Amino acid sequence: VRVGSPLHYDVAHNMYCQVSGQKRFRMFPPEDHQRLYLYPRVHPSTRSSQIRFDNVRPEIFPKFSEATPWEAVLQPGDVLYIPPYWFHATEVVEDHSISISVCSESAQVELRETVFLDTTPKLPKTPKFHHRVKGLAAYV
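Owing to the predicted nature of the structure, the values given are computational and were not obtained by experimental measurement.

**A word on unusual backbone geometry**
Negative phi characterises most residues that are not glycine, and trans characterises most peptide bonds.
In step 1: One non-glycine residue, R47, lies in positive phi territory at about 75°.
In step 2: Note on R47: relative accessible area 34%, which makes it partly exposed.
In step 3: The phi dihedral of Y85 is positive, around 70°, even though this residue is not glycine.
In step 4: Relative to the elements of secondary structure, Y85 occurs in the loop between β4 (79-82) and β5 (87-104).
In step 5: The class for Y85 is partly exposed, based on a relative accessible area of 29%.

What follows is the structure in structure tokens.
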């Protein structure tokens, strides 16, 4: 049984501290995002890749072979910095692993909060546009 996390990205800074055991990290730079086949934004696994390292299927994910992975195996006492938007997947190498992840806010988090969580639409106030919005709202 594989224990770890799927390939995904976070929007915060992450300091990953390995306390006991070993953990393998596979990381990809943000520039590889089109080769990593992310789930759609509205999917429950948003920010995660559809790639599974235990069963990579090149016939379904042909661009994945062009991605540029970085790999590291963390030992007790190692600390790994994971920048915002860097893709990473983990896998326990031995029979156990204890680690601590310390995340901190980034400018990217603030931007995401502003863009995605501002539910107040900024709509023009022209009569023609207003009637279209009302018509659409009635239809929906």
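**Some thoughts on the nonpolar core**
In step 1: Ranked by size, the top nonpolar core spans 12 residues in total: L7, Y9, V11, F28, L36, Y37, I51, F61, F64, A67, F87 and A89.
In step 2: If we ignore the near neighbours within four places in the chain, the residues touching F64 are F28, R35, L36, Y37, I51, F53 and V56.
In step 3: Residues Y16, F25, L74 and I82 belong to the second largest nonpolar core, which totals seven residues.

**Some thoughts on the environment of S101**
In step 1: Tracing the chain through its elements places S101 in strand β5.
In step 2: Overall, the relative accessible area of 39% leaves S101 in the partly exposed class.
In step 3: Along the sequence, S101 and Y81 sit 20 residues apart, while their C-alpha atoms lie 9.8 Å from each other.
In step 4: Non-local contacts of S101, meaning those with residues more than four positions away in its chain, are made with N14, M15 and Y16.

Cut-offs applied
Residues numbered from 1 in each chain as written. Predicted model: local features only at pLDDT ≥ 70, side-chain atom pairs only at ≥ 80, totals over all residues. Heavy atoms only, no water. Buried < 20%, exposed > 50% of the residue type's maximum accessible area, 1.4 Å probe, protein only. Helix = DSSP H or I, 4+ residues; strand = E, 2+ residues; numbered from the N terminus. Core = buried A, V, L, I, M, F, W, Y, C linked by side-chain atoms within 4.5 Å. Contact = heavy atoms within 4.5 Å.

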